[in-house]
Amino acid sequence: MKYNVLGKSGLLVSELCLGTMTFGNQINEKDSIRMIHQFLDQGGNFIDTADVYVGGESERIVGKAINERRSEVVLATKVRMKVGPHPNDFGYSRRRILEGIDQSLRRLNTDYLDLYQLHVWDNLTPIEEAIRTLDDLISSGKVRYIGCSNFLAWQIMKALSYSDFKRYARFISVQPQYSLVNREMDREVMSLCREENVGVIPWGPLGSGFLTGKYKQGETPTTGRLAKGGGESSWEKYNSNQKNFDILHTVQDIALEIGKAPSQVALNWLIGKEEVTSPIFGATSLSQFEENMGATGWSLTEEHWNRLDEVSKLPEEYPQRFLDKFSRTI
Ligand SMILES: NC(=O)c1ccc[n+]([C@@H]2O[C@H](COP(=O)([O-])OP(=O)(O)OC[C@H]3O[C@@H](n4cnc5c(N)ncnc54)[C@H](OP(=O)(O)O)[C@@H]3O)[C@@H](O)[C@H]2O)c1
């Protein structure tokens, strides 16, 4: 397992991060704990959860699993989503964040978090209020580093600029949906992160399982995430676009050529991407977990990596097209 520095920090995280959104729901507690221990035994140190996953069960199970091994783990969770019936039970008010951190720490059975992330931009709370509160959490010792997830580029930049202006802690990481079949972040967020030295830790690196090759074009699935998921995890989203299958077929061809599983090829492409620090993969069984862990310890050839990049890249768009035309080199 390799370790990468997370953004503008001295924090080293494993090149794969274990996502725990399915813990206590699609995977029972015993297997979830076993998965975490296997992950740590194989050199993984980076674990992602959120206060809202399975009504707090995911955090509780993670807390139980790492109880004896806290010092080995870089522990990340999130705040923002609705966690109760009252008007102040969600968002980024100072009140909510200060309450949310204590609830997460209690469930995670620890007195500090390595990475506290804002889950999705909140239209209600001024970002200045959230950043000031997060900075206080760092000063108090409850949080080591901060990051955000599902922000637009201007929102990330606004937060970074405010941190810099006030000399508050700044985000060291961004957690967007990003994979061979979801490359929208290439428009602005990836170049922003490169420019500002912010680590990218993509969620959904397997396109909710689409890139494992277990779904067939034109056949409505009856099992797996895409059979029941909506929105970003809907079968309709993937099945309605031929490009997704062109990408999948390239992944499968390369997997066959090099004797790897499609999921390993898709994850290895992300690991090889300059801006990506650590893809956050999910699994609903130990066998899926083991297969996905096989994405480390080797690299795609340049030719294979480029083939995947080419088939999956976004169409040219203004203003990038215009900027490329006038870009200057020395
Ligand atoms: N910040 C956010 O808003 C956000 C949003 C979503 C997720 N996340 C984080 O990112 C993590 C990963 O996200 P994700 O679950 O969407 O990622 P993903 O890795 O793209 O999809 C994981 C799902 O694909 C299927 N799968 C995985 N490996 C497989 C294999 N080898 N063979 C067959 N099927 C396989 C499993 O679902 P089935 O078995 O059910 O098909 C699994 O739950 C989450 O756990 C969470 O920590 C964050």
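Now for a look at the structure at hand. (Residues numbered from 1 in each chain as written. Predicted model: local features only at pLDDT ≥ 70, side-chain atom pairs only at ≥ 80, totals over all residues.)

### Some thoughts on the site of the ligand
Here is step 1 of the chain: The immediate surroundings of the ligand are formed by 30 residues, with Gly 19, Met 21, Gly 209, Gly 224 and Gly 282 found nearest.
Here is step 2 of the chain: Listing elements by their share of the shell around the ligand, those giving two or more residues are strand E10 (280-281) and helix H11 (286-293).
Here is step 3 of the chain: At three residues, H11 tops the list of elements feeding residues into the shell around the ligand.
Here is step 4 of the chain: Across the shell around the ligand, the residue classes tally to seven nonpolar, 19 polar and four charged. (Near = placed C-beta within 6 Å. Helix = DSSP H or I, 4+ residues; strand = E, 2+ residues; numbered from the N terminus. Nonpolar A, V, L, I, M, F, W, Y, C, P; charged D, E, K, R; others polar.)

### As for the sheet that holds strand E6 (residues 113-118)
Here is step 1 of the chain: Spatial strand order, E9-E8-E7-E6-E5-E4-E3-E10: eight strands in an open sheet with parallel pairing. Edge positions in the sheet fall to strand E9 (199-200) and E10, since each of these pairs with one other strand and no more.
Here is step 2 of the chain: With two bridges connecting them, strand E3 (residues 17-19) and E10 associate as parallel partners. In the sheet register, Cys 17 faces E10, and the bridge partner there is Ile 280. (Pairing = 2+ DSSP bridges.)

### Some points on helix H6 (residues 189-196)
Every α-helix winds through 3.6 residues per turn, so residues three or four apart in the chain are directed the same way.
Here is step 1 of the chain: Considered for burial, the residues of H6 that qualify are Val 189, Met 190, Leu 192 and Cys 193. Angular distribution of buried residues about the axis of H6 spans 160°; they occupy a single face of the element. Opposite the buried face of H6, at more than 90 degrees from it, the exposed residues are Arg 194 and Glu 195.
Here is step 2 of the chain: Those residues of H6 that are buried are in contact with helix H5 (153-166), strand E8 (171-175) and E9.
Here is step 3 of the chain: Remark: Asn 197 follows H6 within two positions and exhibits a positive phi of approximately 55°. (Buried ≥ 20, exposed ≤ 12 C-beta atoms within 10 Å, placed from the backbone. Arc of directions from axis to C-beta. Contact = placed C-beta atoms within 7 Å.)

### Looking at unusual backbone geometry
Here is step 1 of the chain: Backbone torsion omega between Tyr 318 and Pro 319 reads 5°, so that peptide bond is classified as cis.
Here is step 2 of the chain: Inspection of the secondary structure assignment puts Pro 319 in the loop between helix H12 (302-312) and helix H13 (320-326).
Here is step 3 of the chain: Although it is not a glycine, Asn 109 adopts a positive phi angle of roughly 60°.
Here is step 4 of the chain: With respect to the helices, strands and loops of the structure, Asn 109 is situated in the loop between helix H3 (94-108) and E6.
Here is step 5 of the chain: Under the C-beta neighbour-count criterion, Asn 109 is labelled partly exposed, with 15 such atoms within 10 Å.
Here is step 6 of the chain: The residue Arg 167 is not glycine, and still its phi comes out positive at about 55°.
Here is step 7 of the chain: Mapped onto the fold, Arg 167 is located in the loop between H5 and E8.

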